[in-house]
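Reading the structure
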Amino acid sequence: MRLLPLSSASAVLVLAVLPSSSALAAGSEGPAASSFTISDPRIKESSGLAASRLHPGVYWTHNDSDDGPYVYAVDSATGRTVARITLTGIGRPRDVEAISLGPDGQLYVGDIGDNKDGTWDHVWIYRFPEPKELGDATVKAAQFTVKYADGPRNAEALMVHPVTGRVYIASKHESTGGLYEGPERLSASGPNVFRRVADVPWVTDGAFSPDGSRLALRGYFTARTYAWKDGRPEGGGERVDAPWQGQAESVTYAPDGSALMFGSEGGSSRVVAVPLAAATASPAPPKPGSPSQAAPPPEPTGEFGKGALVLAAALVLAFAAKRLLRRRGSK
């Protein structure tokens, strides 16, 4: 049997171990169809992410500040903006930091940042229905005034629970961060008082899983998911291998709950999908009368280590075989 050249043999060996080494892509950037780069030059400070429920593969985002009342829909298949929504009926946005989609089919935009650590006695939330058709449009939004029961806070994370519709805000502080619970229903007629219900680490964004059973919180260097029970996060959470990003600003769940999407600020910023282990993945429940669309849990990350070792050993053997043939041929 004629032995293949090293390059061809290597390709065959790579294919042979692909089932085990496929975790390489999953561990670093997630499924290729999910990770994407935002190509719109207008989006330079993407600070929040929310997965669309009406438009598969589309994610909503916005700039941090000084951009105006705009929200962008980005197609993850191409990285291109497929809609820019201009909000009317609100004041001038001050420091927009987060976006979340509620069970009512409306997008909630958190104008909740306060880089001076609590100098503003109130912040705002804007709400508007997720557009059924994608394209540039102007939409009238509702505006809600937010105050904290224990005084002003700087915050960058706003999460709407996908079952109860209750809004939560996580304040950003290196040692005294807190999770704040809003009223059962927001009111546009007066201040909505948010009350502290739990301590949280330094948080730059957060998101609930599609079924509402888990809460994900990320900071600049770490990310964790927590079991959610009786309106509170439980325990110390489970660590997620978040990607290294220079300005780690956003996170949301993929629509089927099988991965977390991590975003950052900056031009042409990358949104990275990180598959979740079966213990932390929370697939969305299937619609009545239809089969589940949830993706199967990804291979454990340990499988990548095994696949990589097999691949390395196979390449070494191929290289040794080729050298042996050369020696025999030269005699």
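The structure presented is a predicted model; accordingly, all values stated were derived computationally and were not measured.

Considerations on the pattern of salt bridges
Within this structure, the stated rule accounts for eight salt bridges. As a salt-bridge pair, E181 and R232 come within 3.4 Å of each other at their nearest N and O atoms. With E181 in strand 13 (residues 178-181) and R232 in strand 18 (residues 232-239), the pair connects residues that are 51 residues apart, well separated along the chain. You can call E181 buried: its relative accessible area is 15%.

Things to note about the pairing of strand 18
Note: strand 17 (residues 223-229) against strand 18, five bridges, orientation antiparallel. By the bridge assignment for strand 18, W228 is matched with P233. Adjacent in sequence and paired antiparallel, strand 17 and strand 18 are bridged by two residues, among which D230 carries a positive phi angle near 55 degrees.

As for the sheet that holds strand 8 (residues 123-129)
The sheet built from eight strands is open, its strands ordered 6-7-8-10-14-13-12-11 with mixed pairing. Two strands close off the open sheet at either side, each with one partner strand: strand 6 (98-101) and strand 11 (155-160). The sheet shows a mean angle of 30 degrees between the axes of neighbouring strands, direction not considered. Of the strand pairs in this sheet, strand 13 and strand 14 (residues 192-199) are connected by four bridges, and their pairing is antiparallel. Across the sheet, the residue bridging to G178 is D199, located in strand 14.

Quick look at the confidence of the model for the protein chain
Confidence in the prediction of the protein chain, expressed as mean pLDDT, is 80, and 74% of residues score 70 or more. Confidence over residues 1-33 falls short of pLDDT 50; this stretch has 39 contacts with residues more than four positions distant or in other chains. Below a pLDDT of 50 lies the segment residues 285-331, which in the model reaches 33 contacts outside its immediate sequence neighbourhood of four places, other chains included.

Regarding the environment of S65
Take S65: it is sitting in the loop between strand 3 (58-61) and strand 4 (70-75). Spatially, the C-alpha atom of S65 lies 9.3 Å from that of S47, the residues being 18 residues apart in sequence. Ignoring any residue separated from it by four or fewer positions in sequence, one finds S65 in contact with E45, R94 and D95.

A short note on the sheet that holds strand 21 (residues 270-275)
Here we have four strands laid out as an open sheet, ordered 1-21-20-19, and antiparallel in their pairing. Because the sheet does not close on itself, it has two edges, and the strands there are strand 1 (36-37) and strand 19 (248-253). Bridge count between strand 20 (residues 259-264) and strand 21: four bridges; the pairing is antiparallel. Across the sheet, the residue bridging to F262 is V272, located in strand 21.

Procedures and definitions
Residues numbered from 1 in each chain as written. Predicted model: local features only at pLDDT ≥ 70, side-chain atom pairs only at ≥ 80, totals over all residues. Heavy atoms only, no water. Salt bridge = Lys/Arg side-chain N within 4 Å of Asp/Glu carboxyl O. Helix = DSSP H or I, 4+ residues; strand = E, 2+ residues; numbered from the N terminus. Buried < 20%, exposed > 50% of the residue type's maximum accessible area, 1.4 Å probe, protein only. Pairing = 2+ DSSP bridges. Axes fitted to C-alpha atoms, helices over the stretch in contact; angles between N-to-C directions. pLDDT = per-residue confidence, 0-100. Contact = heavy atoms within 4.5 Å.

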